[in-house]
Every structure is written in structure tokens, then in C-alpha cells.
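Take a look at the letters that make up each chain.
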Amino acid sequence: MAKSALDRRIAKELANSHKSEVVLTASKRLTKLRVTSDEFAPMDALKAQARSIRMKSLEDLPDLLGLFADNVQRRGGSVFFAGDGDEATQYIVKLAEAEAVSSVVKGKSMVTEEIELNHALEAAGMTVVETDLGEYILQIAGETPSHIVAPAMHRSKEDVGELFEEKLGLPYTSVADELNAAARAILREKFLAADMGITGCNTAIAEAGTVCLVENEGNGRLTSTAPRILVVVMGMERIVRNLEEASVILSVLARSATGQTLGTYINMVSGVPVGEVDGPEQFHVVIVDNGRTDILAGETAEILGCIRCGACLNVCPIFQTIGGHGYGTVYTGPIGSVVSPGLLGVEDWGELAHTSTLCGACEEVCPIGLEIPRMLQHIRTQTVAAGHSPGWLKVGMKAYASAASDPKKWSRAQGFAGLGAGLLRSEDGWLKSLPGPGRGWTQVRDFPPPQRKTFRQRWGERDHGTS
Amino acid sequence: MKAGAACISRKRWPSLADSEVPIPAQATPVQLFVTCLVDTLAPQIGEATVAVLEQAGCLVAFPSGQTCCGQPAFNAGFNDEAVVMARHTIDVLDATEGPIVVPSGSCGDMIVHHIPELLADDVAYAARANAVSKRTRELTQFLVDDIESPARVRSEESVAYHPSCHGLRNLDLGTQPEVLLGDIRRADLGDEAEVCCGFGGMFAIKQAAVSGELLTRKLDAIDASGAGVVCGGDLGCLMHLEGGARRRGMDVSFNHIAELIETEGT
């Protein structure tokens with residue numbers, strides 16, 4: 001079987017045992033942190049509420065976005081609807097050029113990774129600094145995020161210590177507080193010097209024209225208040241109607257993402273501050289479609305209800321094994337395997353839906369109750385319908401279905417399979433090596449011995465009293 | 001015999017004993033959907049299932065037209081093929097009566113949930129698929145919830161239970177296997193207990209290396225637990241685990257829960 005790009009990426013990640021170990025440990029720790037207790041509010045009730053809020057938001061999306069845009073403008077902000085990533089980056093680059101921006105600080109934002117905003121700004125000659133510690137580490141290392149909440153989760157403290165020593169010339173340390181302090185000292189200067197701050201958005205509030213940004217480091221607050229221009233980039237689905245709804249979403253988000261009952265910093269930005277010393281002079285919201293309307297029209301529409309808590313990544317045995325980089329996409333893990341084929345096309349990315357055992361652990365932990373396995377299965381049907389399966393599997397499945405719909409053919413097929421397998425038996429009866437696609441099986445485990453008689457044969461003999 | 005016709009037996013397996021099993025006067029008739037894997041690769045699990053059901057007072061029938069429920073095709077995204085197998089399965093099972101018992105959480109999940117979804121827009125099949133779905137029970141569910149069987153697992157060695165994902169999460173099989181395991185000595189798989197073993201049907205072949213990593217994790221946990229026996233409710237996971245254990249030379253037995261439930265003659 002020819003190896004696909006995905007297979008090669010996965011093989012590369014599996015070969016890096018240190019990285020695999022770090023990812024597994026971090027995933028397990030985050031899974032354990034997840035708050036499932038009923039402290040302050042019963043989690044089951046919150047989840048049900050959160051699901052209904054997100055599903056209703058998707059239903060009312062055009063209405064909510066219109067309302068939100070009106071309210072942002074009413075409060076002195078500007079709103080730009082970007083059909084795709086290029087439109088979004090061009091708008092932001094043009095704005096930066098018009099305002100003579102030379103340096104930009106950024107808060108953590110997955111959608112800006114999706115539209116590759118940093119590249120566009122740097123190509124236009126601007127300096128861009130990531131201020132979330134994880135993102136800052138990746139920027140120095142020249143890597144992409146491997147996790148939607150903990151972007152550098154694949155790097156241990158020791159890895160970061162070595163990186164800071166090599167790239168920043170700092171004395172080596174693996175003490176987290178010292179690493180934090182070093183980064184803080186560097187970043188503080190950047191905030192003060194920046195002309196433009198760019199952040200993402202966890203949820204927008206339509207009736208208030210407000211953008212909510214959750215974080216734990218305070219970098220989001222500085223990014224959204226220190227520079228004179230603030231640009232918020234948000235996926236078009238990231239919206240609810242009012243503050244009550246937002247409070248439910250922010251609560252399940254923190255519980256599921258980081259095991260907090262609420263994020264340390266909840267920044268709420270509403271237009272340009274009037275009569276205040278602090279805050280930006282300009283407030284721009286860029287609302288990005290980039291394939292979301294297509295997803296909304298399809299069978300996996302509910303995936304847009306995702307609040308990007310990352311709980312499904314942490315609990316996924318495949319993510320734990322191959323890490324985010326194995327997927328090769330911005331959005332990784334189970335949720336990414338649904339989102340990425342939706343945004344980037346099933347043609348090229350549908351194969352991701354096969355990087356799952358459909359074990360259902362993701363759906364179990366999802367605070368929105370998204371039916372991730374069902375959606376993965378649906379994308380699999382799309383890849384099959386588009387003819388993207390290996391030839392042996394297509395032929396095999398046809399033959400299998402044909403035999404299974406005729407009990408006589410079925411019994412004959414069982415007989416042939418038994419005979420063939422019989423030739424390959426080893427001493428203990430188990431098969432050590434199968435030919436063709438069966439090689440995948442015997443690559444890592446033995447195959448059970450063929451049986452002299454099937455159950456139906458034994459039953460037939462018992463039934464007729466032959467002994 | 002035409003598809004769907006049932007052959008009801010009152011006889012024991014000739015190899016086990018020659019006397020007839022006494023069937024209680026009010027025997028519950030049940031249809032055994034044995035699953036294609038058990039039929040082909042582990043007929044002894046099918047026999048153990050029959051023994052357990054008969055001991056519990058059931059009159060077991062084996063609808064001889066049954067083949068495969070279509071789960072492997074459905075799982076892999078081959079819906080056209082899955083529909084063919086789903087229709088055949090409904091033809092066979094809808095022609096019978098009484099509870100349908102399946103010694104597998106995965107196949108049970110297919111018949112209970114996915115076949116009705118697959119055939120929802122099929123006028124000739126939708127209602128029948130729903131009727132079959134309502135009659136279908138995974139083995140431990142049937143024994144514990146439906147007929148409250150007093151039968152329990154017997155084992156001299158400590159037993160690690162491996163809950164298969166589809167049974168655990170899609171059929172909610174949490175308590176039933178526990179009831180059957182009763183108070184035997186248990187081996188604890190700790191954090192790994194409810195983590196997927198990495199089988200996943202075609203996944204085991206298409207993503208063999210990743211599947212192998214998960215297999216290693218699970219086998220390490222089994223090793224550390226000191227289990228002498230690993231017990232599960234799905235042959236797919238069990239053959240994946242046993243195949244890996246043999247490759248490593250581990251001295252552990254792998255059994256379907258039906259094989260461990262004490263019956264006359266075991």
C-alpha cells in the first residue's frame with residue numbers, strides 16, 4: 001500500500017518517542033483536570049443548556065451576526081465580513097498599512113492560524129509577536145500549534161528551557177516560573193511598543209456587540225487594551241445572543257478545557273471606549289466564513305457548535321498517540337478531523353476521518369454533546385463515495401456484501417477463508433504473517449487460527465443429532 | 001431452509017455431553033445472532049452463549065440465514081454495502097419472534113442503532129428495522145436486565161474486564177457485566193480500563209502502527225494488573241488483544257464473558 005502524506009506524518013510522530021511521551025502525559029493530565037463536579041452548577045444541566053444555546057445560535061446565525069454587527073458599529077467599531085482567508089488577511093494588512101503599523105502583538109487565536117495571518121503581515125514588512133506563552137514558544141521554534149487550547153503541549157519544560165537557551169541566549173532552566181518570568185520580561189516591552197493588537201474571540205454577544213476573550217495569562221488583556229488599534233478575528237459561528245447565554249458557554253468552556261470553573265481573565269470588549277484613558281482608539285472585528293457556510297449546509301453542521309475546549313483531543317487515544325502534528329492541520333484531534341475536511345475539502349482531508357476507532361470517548365466528554373463519531377462516519381461515507389479508498393478495500397467490501405446477502409455463498413466463503421488461512425498456521429495455530437492487506441494485522445499482532453468447523457456447521461450437526 | 005427460518009434445538013453439543021438439557025416448561029424463546037466473527041473464528045463462544053442461555057431457561061433458536069450485520073462496512077464508510085447487509089439481516093431476523101440476543105456490543109449497537117438509521121428512508125424496511133432494533137439485546141444486557149439470570153462468572157484466576165467502546169458508550173453496558181462478574185477476584189486496569197484497545201475494525205489494518213501503540217498500552221496495563229484472564233464482550237477486541245499478547249509471549253488467557261459464566265458441565 002502506498003503511504004499517504006497523512007500516513008507519513010503519523011509515522012514521523014510515532015518515531016519521536018520523547019514527543020509522544022510528553023503528549024500522552026499532558027493529555028492525561030488535562031483529562032483529569034476536567035471539571036465534572038457540580039460545584040456552583042450541575043454539570044449535566046449546564047451541558048444540556050450549552051448544547052441548546054449553541055444549536056439555537058447556529059439556527060439563528062444570520063440574524064445574530066447582523067445584530068452583532070449593528071451593535072459593534074453603534075459602539076464605534078467596524079465590522080468586516082470575510083468570505084475567505086485571503087479577504088480577511090488582506091483587510092487586516094491594508095488596515096495596518098494605512099495606519100502605518102510596524103509592530104503587532106497577538107493573543108492566542110486559532111482562526112488566525114487557519115487564515116495564516118502572521119505570514120501575510122510579515123510579508124508586508126510588519127513584526128508580529130505571539131504573546132500567549134505557548135504560542136510564543138512555537139513562534140521561536142518555528143512550529144505550528146499541536147493543540148487548540150495548549151498549543152505547545154508537545155514540549156516539556158526541559159524542551160522549552162533548551163529552546164530559550166538556544167534562541168534567546170538565556171541561561172538554561174527547566175523551572176516553569178523562571179521560564180515564565182523570562183518570557184514575561186521580553187513580552188512586556190512588545191506590548192508597550194505595539195501599534196496593533198490582534199486577538200481571537202471565544203464568543204461574541206450579539207445583543208451587546210461585545211467580544212469575549214478567555215485566557216489565563218493576562219496577555220489577552222494587554223493585547224486588547226495597550227495598542228492603539230485592536231483587531232478581533234472570529235469564526236462566523238462564534239456567537240450567542242445575550243450575556244446569559246455567554247455565561248453558560250464560558251462556564252462549560254473553562255470546566256472542560258482547563259479544569260477551572262471560570263477562566264482567570266474574561267475580557268469583554270465592546271467597541272471603542274468613550275471617556276476612558278485605557279483601551280484602543282480603533283476596534284475592528286473581522287468575521288471569517290472561509291468554508292463555514294458550506295459546513296452549515298451539510299450533514300456535519302453541528303460541528304460549528306464546537307466551543308474549542310479541546311476536551312475531545314485530551315481524551316482521544318489517537319491524539320494521545322500521534323499528537324496534534326500527526327494530523328497536519330490547524331484544528332487537530334477528533335474535532336479537527338470533522339472541521340478540517342469541512343473547511344478544506346473532503347477530497348484532500350477526508351482521510352482524517354479514518355484516524356479514529358470511533359470509540360466515542362470524544363462525544364462522552366464534549367460539553368456540547370456533539371456527535372463526533374457520527375460525523376466522522378459520515379465523512380468516511382463521503383470519502384468512499386468519492387472513490388478515495390484503496391482498491392483492495394473497494395473490491396473486498398463488494399465481495400463481502402455480496403456473500404453476506406446469500407447464506408450459501410457465505411458458507412462457501414467461510415470455507416475458502418478457512419482453507420487459505422489453514423495453510424498459514426504456525427505451531428500454536430495462530431497466524432504470524434498474513435499476505436496482502438492482512439499484513440497490517442500481522443504487523444503488530446497474530447491472527448486467530450482458522451476453525452475446522454464454523455458455528456453454523458456445529459449447530460447444524462447438533463440440530464440433526466449427528467455426533 | 002429459507003432465509004429467516006429458525007431451527008430450534010433442545011440438544012446439547014454432542015461434544016459436551018449426550019444427555020438432553022432439561023428445558024423448563026415456560027422456556028423463553030430467544031433468537032441467537034451469533035455475529036460473523038464468532039461464527040467463523042470462535043465458534044466456541046457461540047456454543048458458550050447457547051449454553052448460558054439454555055441454562056437460564058431459554059429455548060435458543062439460530063436463524064440460519066444470518067450472515068453479517070454490515071457493521072464492518074458501515075464503520076468503514078461503505079454505506080451502500082452496509083445497506084445490502086442490513087437489509088439481509090432484517091429479512092432474516094424480522095421473520096422470527098422473541099428477543100434477539102447478540103454476544104457483542106458492537107454488532108448489538110449496529111442492529112439497535114445504526115441499521116434503523118441506515119434504512120430510515122427505505123419504505124420496505126424502516127418499520128421492520130425498528131421492530132428488530134427493539135427486540136435486540138446484547139448478551140449481558142439480556143441476562144441481567146431482561147431475565148435476571150443468577151448465573152455468574154467463575155474463575156480461579158484474577159480477571160481483568162475489558163469493556164468494548166461500542167457496548168460501553170453506545171449501549172450503556174456499564175453495570176451488566178459487573179453484575180455477571182459478581183465477586184470474583186478482579187485485576188484493575190486503572191486509568192486504562194475504559195481507554196479504547198485500538199482495534200476499531202478496519203482501523204486495526206489501515207492504521208496498524210497506531211493500533212499497535214494502543215494495543216501496547218492496553219497490554220502493559222494488563223501485565224501490570226497481574227490478570228490471569230482478560231474477559232470481554234466483543235470478539236473483535238479480544239482477538240486483537242490476544243493476538244498482541246501472543247506476539248509478546250504473555251501468559252494470559254482471553255475469554256468472552258459467555259465462556260466464563262458457570263454452566264452445568266463447565
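Residues numbered from 1 in each chain as written. Chains lettered and ligands numbered in written order. Predicted model: local features only at pLDDT ≥ 70, side-chain atom pairs only at ≥ 80, totals over all residues. Heavy atoms only, no water.

J.: Explain the overall build of chain B to me, please; I cannot follow it from the model alone.
T.: When its secondary structure is counted, chain B shows 13 helices and 8 strands. Residues classed as buried in chain B amount to 64% of the 266 residues present. Taking contacts inside chain B between residues at least 6 apart in sequence as the whole, the part at least 24 apart equals 79%. (Helix = DSSP H or I, 4+ residues; strand = E, 2+ residues; numbered from the N terminus. Buried < 20%, exposed > 50% of the residue type's maximum accessible area, 1.4 Å probe, protein only. Contact = heavy atoms within 4.5 Å.)

J.: Looking at this structure, I do not really get the interface of chain A and chain B. What am I missing?
T.: The accessible area lost on association of the parts is a frequent measure of interface size. Taken together, the contact pairs 64 residues of chain A with 72 residues of chain B. Taken together, both faces of the contact between chain A and chain B bury some 6000 Å²; the carbon and sulfur share is 64%. Counting the surface chain A buries against chain B, the share from its top three residues, Phe455(A), Trp459(A) and Arg462(A), is 15%. Applying the counting rule to chain A against chain B returns 9 salt bridges. In this structure, the salt-bridge partner of Arg247(B) is Asp446(A), at a minimum N-O distance of 2.7 Å. Our count for the chain A to chain B interface comes out at 29 residue pairs in polar contact (both at pLDDT 80 or more). In terms of residues, the side of chain A that touches chain B owes the most to one element, helix 20 (residues 391-404) of chain A, which gives 8 residues. (Buried area = accessible area lost by both parts, 1.4 Å probe. Salt bridge = Lys/Arg side-chain N within 4 Å of Asp/Glu carboxyl O. Polar contact = N/O pair within 3.5 Å; in protein donor to acceptor, adjacent residues only side chain to side chain.)

J.: Which parts of the structure should I look at to understand the state of the cysteines?
T.: The tally for this structure, following the rule as stated, stands at 0 disulfides over all chains. The thiol of Cys362(A) is unpaired, and the distance to the nearest cysteine sulfur, on Cys359(A), comes to 6.2 Å. For Cys362(A), a relative accessible area of 7% translates into the label buried. Unpaired in this structure, Cys237(B) has its nearest cysteine sulfur neighbour in Cys197(B), at a distance of 4.0 Å. Its relative accessible area of 10% is what places Cys237(B) among the buried residues. (Disulfide = S-S within 2.5 Å.)

J.: How should I be thinking about helix 20 of chain A in this particular structure?
T.: Given 3.6 residues per helical turn, the α-helix brings residues three or four places apart onto the same face. For helix 20 of chain A, which comprises 14 residues, the first-to-last C-alpha distance of 20 Å matches the rise-based estimate of 20 Å (1.5 Å per residue) to within 8%. Looking at helix 20 of chain A, one finds that the buried residues are Leu393(A), Met397(A), Ala401(A), Ala403(A) and Ala404(A). Buried positions in helix 20 of chain A, seen along its axis, are confined to an arc of 160° and lie on one side of it. Within helix 20 of chain A, the exposed residues directed more than 90 degrees away from the buried face are Val395(A) and Lys398(A). Tucked inside the fold, the buried residues of helix 20 of chain A contact helix 21 (407-422) of chain A together with helix 3 (71-76), helix 4 (79-94) and helix 10 (203-206) of chain B. (Expected span 1.5 Å × (residues − 1). Arc of directions from axis to C-beta.)

J.: Sorry if this is basic, but what is going on with the pattern of salt bridges here?
T.: This model, assessed by the stated rule, comprises 36 salt bridges over all chains. Between Asp60(A) and Lys56(A) there is a salt bridge, and its shortest N-O distance comes to 2.7 Å. Residue classification places Lys56(A) among the partly exposed positions, given a relative accessible area of 42%. Ionic pairing is found between Glu130(A) and Lys106(A), a salt bridge with its closest N-O pair at 2.9 Å. Of this pair, Glu130(A) sits in strand 3 (residues 127-130) while Lys106(A) sits in strand 2 (residues 103-106); the two residues are 24 residues apart in sequence, bridging distant segments of the chain. Take Glu130(A): its relative accessible area is 2%, and that puts it in the buried class. Residue Lys106(A) is classed as buried on the basis of its relative accessible area of 1%. A single network of salt bridges, built from pairs that share partners, joins Asp428(A), Lys432(A), Asp446(A), Glu242(B), Arg246(B) and Arg247(B).

J.: Just to check I follow, could you spell out the pairing of strand 6 (residues 210-215) of chain A for this structure?
T.: A regular strand places its side chains on the two faces of the sheet in alternate fashion. All names here are of chain A. Within strand 6, 5 of the 6 residues are buried, leaving the element largely enclosed by the surrounding structure. With 3 bridges connecting them, strand 5 (residues 203-205) and strand 6 associate as antiparallel partners. Of the residues in strand 6, the one forming a bridge with Ile205 is Thr210. Between strand 5 and strand 6, which pair antiparallel and follow one another directly, the connecting turn spans 4 residues, one of which, Gly209, has a positive phi of 65°. The sheet contact formed by strand 6 and strand 9 (residues 265-269) spans 5 bridges and is antiparallel. (Pairing = 2+ DSSP bridges.)

J.: Can you walk me through the nonpolar core in this structure?
T.: One recurring pattern in soluble globular proteins: nonpolar side chains tend to sit buried together. The biggest cluster of nonpolar side chains holds 86 residues, and the ones touching the most others in it are Leu121(A), Met196(A), Ile335(A) and Leu370(A). If you tally residues by element for this core, the top one is helix 12 (residues 243-258) of chain A, at 7 residues. Beyond its immediate stretch of four places on either side in the chain, Met196(A) contacts Ile92(A), Leu95(A), Ala96(A), Val101(A), Ser103(A), Val104(A), Val105(A), Pro227(A), Ile229(A) and Val231(A). In terms of nonpolar packing, the next biggest core, distinct from the first, is built from 61 residues, Ala48(B), Leu181(B), Ala227(B) and Cys237(B) among them. (Core = buried A, V, L, I, M, F, W, Y, C linked by side-chain atoms within 4.5 Å.)

J.: Please clarify how the side chain of Thr263(B) should be interpreted in this entry.
T.: Residues and elements named next belong to chain B. Within the secondary structure, Thr263 is located in the segment after helix 13 (257-260). Using a relative accessible area of 9% as the deciding quantity, one classes Thr263 as buried. Residues within four places of Thr263 in sequence aside, it is in contact with Ala51, Val52 and Gln55.

J.: For this particular structure, what's the right way to read the packing of helix 16 (residues 333-344) of chain A against helix 19 (residues 372-385) of chain A?
T.: Angle between the axes and distance between the axes are the two parameters that describe a pair of packed helices. Residues and elements named next belong to chain A. Direction vectors running N to C along helix 16 and helix 19 enclose 40°, while the axes themselves pass 10 Å from each other. Regarding the angle of helix 16 to helix 19, the classification is oblique. In the crossing of helix 16 with helix 19, the sense of the turn from one axis to the other is left-handed. Residue-level inspection shows Pro334, Ile335, Ser337, Val338 and Pro341 of helix 16 in contact with helix 19, the latter providing Ile372, Met375, Leu376 and Ile379. Along the lines of polarity and charge, the residues of the contact of helix 16 with helix 19 split into 8 nonpolar, 1 polar and no charged. (Axes fitted to C-alpha atoms, helices over the stretch in contact; angles between N-to-C directions. Parallel < 35°, antiparallel > 145°, perpendicular 65-115°, else oblique. Left-handed = near helix turned anticlockwise from the far one by under 90°. Nonpolar A, V, L, I, M, F, W, Y, C, P; charged D, E, K, R; others polar.)

J.: In this structure, what is going on with the sheet that holds strand 8 (residues 253-256) of chain B? I would like to understand it.
T.: The pairing of strands in a sheet comes from backbone hydrogen bonds and takes either a parallel or an antiparallel form. All names here are of chain B. Reading across from one edge, 6-7-8 is the order of the 3 strands in this open sheet, with parallel pairing throughout. If you trace the sheet from one side to the other, it starts and ends with strand 6 (159-162) and strand 8, each paired once. Between one strand axis and the next, the sheet turns through 25° on average, direction left out of account. Pairing geometry for strand 6 and strand 7 (residues 229-232), over 4 bridges, is parallel. The residue of strand 7 that forms the bridge with Tyr161 is Cys231. Strand contacts of helix 12 (residues 235-248): strand 6, strand 7 and strand 8, with the helix running at about 170° to strand 8, the strand carrying the most contacts.

J.: Honestly, the confidence of the model for chain B in this entry has me stumped. Any pointers?
T.: Detail in the predicted coordinates should be disregarded across regions flagged by low pLDDT. Residue and element names in this part refer to chain B. Confidence in the prediction for chain B averages 91 pLDDT; 89% of positions are at 70 or higher. Every residue in residues 1-12 scores below 50 in pLDDT, and together they form 42 contacts with partners more than four places removed in sequence or on other chains. Counting contacts from residues 14-23, a segment whose pLDDT is below 50, to residues more than four positions away or on other chains yields 12 contacts. Interface confidence in the predicted complex, given as ipTM, is 0.93; pTM for the same model is 0.94. (pLDDT = per-residue confidence, 0-100.)

J.: Mind showing me how you'd approach the environment of Lys12(A) here?
T.: Residue and element names in this part refer to chain A. Considering the arrangement of structural elements, one finds Lys12 in helix 1 (residues 5-15). Under the relative-accessibility criterion, Lys12 is labelled exposed at 62%. C-alpha of Lys12 to C-alpha of Lys453: the two residues are 441 residues apart in sequence and 43 Å apart in space.

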